[in-house]
Amino acid sequence: MIKIEQKYEQIAVKINSNGINGSGCIVQPNNSDYSFIFTAKHCLTENDIVDNAKISVTSTNITDTNQIIIRQVLFDNEFDIAVIQIDKLKEIETSKFTNPQKDLPIQLFGFPHLLKGGSQILSGKISFSNEDHSDIEFSNSQITFDKSTPETIKGFSGSGIFH
């Protein structure tokens, strides 16, 4: 049986767009010709303009990065969300979603800048949730001797949140 950490690795990606770095999560819809990568808009652009040719997506699971062909990038006008449409990745299972609920245990898997390309899992729970937003409370500290939490979590933006 596959360990949950291996599952996270299968669908987590590193994103670089014109010098901006972040994380993303591959989403596989049921019965589609495409796969999608969900990320934060600020992982791709600072001004709502993006050149698809300057987006690099890498995965620890997909060895042939030429397999990730970007078709289009969609932004939300109100929220910091971006969806990258790519050719279907056949080895990725259909994604499942749930609504956030207070006290739901979660894990965040991403590629913080502090680890210079390495991945990390943060554990926590949803501490508040309503129809507009949810807050996450982490159980493991992200403070180092010389860096504060906001500095140590840079690069996690766009990561998948898993239950």
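Look up a bit, the structure's there.
Calculation rules
- Residues numbered from 1 in each chain as written.
- Predicted model: local features only at pLDDT ≥ 70, side-chain atom pairs only at ≥ 80, totals over all residues.
- Heavy atoms only, no water.
- Pairing = 2+ DSSP bridges.
- Helix = DSSP H or I, 4+ residues; strand = E, 2+ residues; numbered from the N terminus.
- Axes fitted to C-alpha atoms, helices over the stretch in contact; angles between N-to-C directions.
- Polar contact = N/O pair within 3.5 Å; in protein donor to acceptor, adjacent residues only side chain to side chain.
- Contact = heavy atoms within 4.5 Å.
- Salt bridge = Lys/Arg side-chain N within 4 Å of Asp/Glu carboxyl O.
- Buried < 20%, exposed > 50% of the residue type's maximum accessible area, 1.4 Å probe, protein only.
- Core = buried A, V, L, I, M, F, W, Y, C linked by side-chain atoms within 4.5 Å.

### Here's the deal with the sheet that holds strand β1 (residues 12-17)
Spatial strand order, β4-β1-β2-β3-β6-β5: six strands in an open sheet with antiparallel pairing. Looking along the sheet, the strands with just one partner apiece sit at the ends: β4 (55-59) and β5 (70-75). Here the average twist between neighbouring strands, direction ignored, is 30°. Here five bridges tie β5 to strand β6 (residues 82-87), and the two strands are oriented antiparallel to one another. In the sheet register, I70 faces β6, and the bridge partner there is I86.

### Notes on the side chain of Q28
Tracing the backbone through its elements, the reader meets Q28 in the loop between β2 (20-27) and β3 (34-39). Separated by 2.5 Å, the side chains of Q28 and S35 make a polar contact. Dropping the residues within four chain positions of it, Q28 is found in contact with Y34, S35, K88, L89, I92, E93, T94 and S95.

### Overview of the pattern of salt bridges
For the coordinates displayed, the defined rule picks out three salt bridges. The partner of R71 in a salt bridge is D87, and the shortest N-O contact between them spans 2.6 Å. Residue R71 is located in strand β5, and its partner D87 is located in strand β6; the two are separated by 16 residues in the primary sequence. We classify R71 as partly exposed; its relative accessible area is 45%. Residue classification places D87 among the partly exposed positions, given a relative accessible area of 21%. Close ionic contact of K125 with D103 constitutes a salt bridge, the shortest N to O distance being 3.4 Å. Of this pair, K125 sits in strand β8 (residues 120-129) while D103 sits in the loop between β6 and β7 (105-110); the two residues are 22 residues apart in sequence, bridging distant segments of the chain. For D103, a relative accessible area of 44% puts it in the partly exposed group. Salt bridges sharing partners connect three or more residues here, namely K102, D103 and K125.

### Some thoughts on the nonpolar core
One finds I37 and I84 to be the most contacted residues of the largest nonpolar core, which totals 17 residues. Within the residue set of this core, elements represented by two or more residues are β1, β2, β4, β5 and β6. It is β6 that provides the largest number of residues to this core, a total of three residues. With near-sequence residues (within four places) excluded, I37 lies in contact with V13, I15, G24, C25, I26, V57, A82, V83, I84 and I86.

### Topic: the pairing of β1
The sheet contact formed by β1 and β2 spans six bridges and is antiparallel. From the neighbouring strand, V13 faces β2, where its bridge partner is G24. Where β1 folds back onto β2 in an antiparallel hairpin, the turn is made up of two residues, including N18, whose phi is positive at roughly 55°. Examined bridge by bridge, β1 and β4 share five bridges and lie antiparallel to one another. Looking at β4, one finds that I15 is bridged to V57.

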